[in-house]
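The lines below spell out each chain.
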Amino acid sequence: MAPVVGKPPPVRTRPRLPSWLRVSGSVGPLGIATAVLWLSVIVLLPLAALTVTSFEDGWSGFWDAITAPAALDSLRITILVSVVVALVNVLMGTLIAWVLVRDEFPGKSIVNALIDLPFALPTIVASIVLLSLYGPQSPIDIHLNATQPGLVVALAFVTLPFVVRSVQPVLIEVDREVEQAALSLGANNWTTFRRIVLPTLTPAIISGGGLAFARAIGEYGSVVLIGGAIPRKTEMASQYIQKQIEIDRPINAAAVSVALLAISFVSLLGLRLLADRSARKEQASR
């Protein structure tokens, strides 16, 4: 009589987690938890506290604070100047990156090092230097003190590295053989740049310009002296926030700060989406 073979015990399988809950990588859950905790302490909790403060008087109080005439004027000036600065840096930063990558000249390494100086230099020092050069006692007889062009110069100084350092590595990796082939087929330099080089550089140019815009939105030190903080003329939003704190209106200061944060976040989010889209296109083309 053949032995009766029993059924094997059922294999228990763990329920599959949703894709957004799955953890992979080399650091594991502990490393991810540490990173999230540090990010929360340094970034998320301060931003949450600022947001709560801005809404202490409710939504109506928040709306009244950011739509006050002086607040709107400071936000308008800040956005306008920041857009101009970003456009100027897109043009000049791309040109400087091109020169540093494609040209050789004496002192090139020194110029390359000077590009990063605004990252290390306290921005208030930049404001003092610009005031000495373009202020009332200007040695070159150019007076930009308490003017919007003065704001543009100050912000262009502190945001220039963003575009240069975004474009430079991409330009180094550009395939020069494709350019040479286009030139050998009769294309001039401008056509080669516009049809071959520029499409490759465009994501980096937009990324650098967006970072320059986001930095200029919240800049304070470089404009505090050269700008003059004239209400409705040269008063940046950061200076308006400082003024509200000095006259003991922290809720108004917090509300305008949240508005600046929202503008910067939308700009950075747009850059991230653009970078992801470009990466997907590049991967699909391979």
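Note: the structure precedes this text.
Bear in mind that the values here come from a model prediction, so they are computed numbers and not experimental data. (Residues numbered from 1 in each chain as written. Predicted model: local features only at pLDDT ≥ 70, side-chain atom pairs only at ≥ 80, totals over all residues. Heavy atoms only, no water.)

S.K.: Would you mind going over a nonpolar patch on the surface with me for this structure?
M.R.: Nonpolar side chains collect at one region of the surface, where L37, W38, L39, V41, I42, V43, L44, L45, L47 and L261 lie side by side and expose about 930 Å² of accessible area between them. Examining the composition of the nonpolar patch, we find that nine residues originate from one element, helix 1 (residues 28–54), more than from any other. On the basis of relative accessibility, which here comes to 45%, the residue L44 falls in the partly exposed class. (Patch = residues over 30% accessible without salt bridge, like charges linked within 9 Å, V, L, I, M, F, W, Y side chains within 5 Å. Areas by Shrake-Rupley, 256 points an atom, 1.4 Å probe, with all protein chains shown as cover. Salt bridge = Lys/Arg side-chain N within 4 Å of Asp/Glu carboxyl O. Helix = DSSP H or I, 4+ residues; strand = E, 2+ residues; numbered from the N terminus. Buried < 20%, exposed > 50% of the residue type's maximum accessible area, 1.4 Å probe, protein only.)

S.K.: Honestly, helix 9 (residues 189–217) in this entry has me stumped. Any pointers?
M.R.: Residue pairs three or four apart in sequence face the same way in an α-helix, which turns once every 3.6 residues. Taking 1.5 Å per residue as the helical rise, helix 9 with its 29 residues ought to reach 42 Å, whereas the 36 Å between its terminal C-alpha atoms falls clearly short. Maximum bend of helix 9: about 55 degrees, positioned at L198, with proline P199 one to four residues after it. (Expected span 1.5 Å × (residues − 1). Bend = angle between axes of the 7 residues up to and from the residue.)

S.K.: Looking at this model, I keep getting lost on the environment of L211. Mind explaining?
M.R.: Tracing the sequence through the fold places L211 in helix 9. What makes L211 partly exposed here is its relative accessible area of 28%. With near-sequence residues (within four places) excluded, L211 lies in contact with F162, S166, L268 and L271. (Contact = heavy atoms within 4.5 Å.)

S.K.: It is not clear to me how the layout of surface pockets should be interpreted in this structure. Could you clarify?
M.R.: If a probe as big as a water molecule is rolled over the atoms, it shows which places are left empty. One number sums up the size of the second largest pocket: a volume of about 200 Å³. Lining the second largest pocket, in full, are T94, L95, W98, R102, R176, E179, L183, N189, T192, F193 and V197. Secondary structure elements with two or more residues in the lining of the second largest pocket: helix 3 (69–102), helix 8 (176–184) and helix 9. Its residues placed into classes, the lining of the second largest pocket shows five nonpolar, three polar and three charged. (1 Å grid on protein atoms, 1.4 Å probe; cavity = no way out; pocket = protein on both sides within 12 Å on 5 of 7 lines; lining within 4 Å. Points joined across faces, edges and corners; volume = space filled by probe spheres on them. Nonpolar A, V, L, I, M, F, W, Y, C, P; charged D, E, K, R; others polar.)

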